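Below, each chain spelled out in residue letters.
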Amino acid sequence: MGPDVWAWFILISAIFLFVVYAFFVSRRDKGRQQRHRHRVWPQVDPPLVAGRTYNLQMSDGRKISGFTVEGIHDGELGPPWYDIPWLAGTVTDGRRVYLRANAIRTVEEPDRRDGR
């Protein structure tokens, strides 16, 4: 084996070790960020609960008032275009509506007078 082979071997080994090092450093930093986030921000209840009514604003600007959540489809068993979670529910006029979870911009719980 000539000197060219050893030079290539050292160069490829150095690149491989750098990639492995970068992978572990990024995982360590991500873990630190998550631990810090959990210390700084309080834990809250899930934003959507089945059976409750919400006012939604979609990412395209539409507003849906009186959306009652019936359930969520996580996309695991469906075709590939259903990889994104879908919310199923009804609106005030009784129509059944399916919404992509990533299309919802804000969720507002309307004022509740029944004490629940």
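Everything below is about the structure shown above.
Residues numbered from 1 in each chain as written. Predicted model: local features only at pLDDT ≥ 70, side-chain atom pairs only at ≥ 80, totals over all residues. Heavy atoms only, no water.

Taken as a whole and assessed by the stated rule, the structure comprises 4 salt bridges. A salt bridge links Arg96 to Glu70; its shortest N-O distance comes to 2.5 Å. Note that Arg96 is positioned in strand β4 (residues 96-100) and Glu70 in strand β2 (residues 63-73), a separation of 26 residues in sequence. Among the salt bridges present, the one from Asp93 reaches Arg95, with a minimum N-O distance of 2.9 Å. Here the two residues Asp93 and Arg95 agree in accessibility, since each one is exposed. (Salt bridge = Lys/Arg side-chain N within 4 Å of Asp/Glu carboxyl O. Helix = DSSP H or I, 4+ residues; strand = E, 2+ residues; numbered from the N terminus. Buried < 20%, exposed > 50% of the residue type's maximum accessible area, 1.4 Å probe, protein only.)

Relative to the helices and strands, Asn55 is located in strand β1 (residues 53-58). For Asn55, a relative accessible area of 19% translates into the label buried. Within polar-contact distance, the side chain of Asn55 engages the backbone nitrogen of Gly66 at 3.1 Å. Excluding its chain neighbours within four sequence positions, the residues that come into contact with Asn55 are Ile64, Ser65, Gly66, Thr106, Val107, Glu108 and Pro110. (Polar contact = N/O pair within 3.5 Å; in protein donor to acceptor, adjacent residues only side chain to side chain. Contact = heavy atoms within 4.5 Å.)

To continue, consider the packing of aromatic side chains. Here the structure, examined in full by the defined rule, presents 2 aromatic pairs. Ring geometry for Trp6 versus Phe9: centroids 5.9 Å apart, planes at 90°, classification edge-to-face. Highlighted residues: Trp6 and Phe9, both in helix α1 (residues 3-40), separated by 3 residues, approximately one helical turn. Residue class for Trp6 comes out partly exposed when judged on its relative accessible area of 44%. (Phe/Tyr/Trp six-rings, centres within 6.5 Å; stacked < 30°, edge-to-face > 60°.)

Tyr54, Leu56, Met58, Ile64, Phe67, Val69, Leu87, Val91, Val97, Leu99, Ala103 and Ile104 together form the largest nonpolar core, which totals 12 residues. Excluding its chain neighbours within four sequence positions, the residues that come into contact with Leu87 are Leu48, Phe67, Gly71, Ile72, Val97, Tyr98, Leu99 and Ile104. (Core = buried A, V, L, I, M, F, W, Y, C linked by side-chain atoms within 4.5 Å.)

With that settled, consider the pairing of β1. As defined by bridge partners, β1 adjoins β2 across 4 bridges and the pair is classed as antiparallel. Counterpart to Tyr54 in the pairing with β2 is Phe67. Between the end of β1 and the start of β2, which pair antiparallel, lie 4 residues, with Gly61 showing a positive phi angle near 100°. One ladder, built from 4 bridges, connects β1 with strand β5 (residues 104-108); its direction is antiparallel. When the sheet's bridge partners are listed, Asn55 is paired in β5 with Glu108. (Pairing = 2+ DSSP bridges.)

Spatial ordering of the open sheet is given by β4-β3-β2-β1-β5, a layout of 5 strands whose pairing is antiparallel. If you trace the sheet from one side to the other, it starts and ends with β4 and β5, each paired once. Here the average twist between neighbouring strands, direction ignored, is 45°. (Axes fitted to C-alpha atoms, helices over the stretch in contact; angles between N-to-C directions.)

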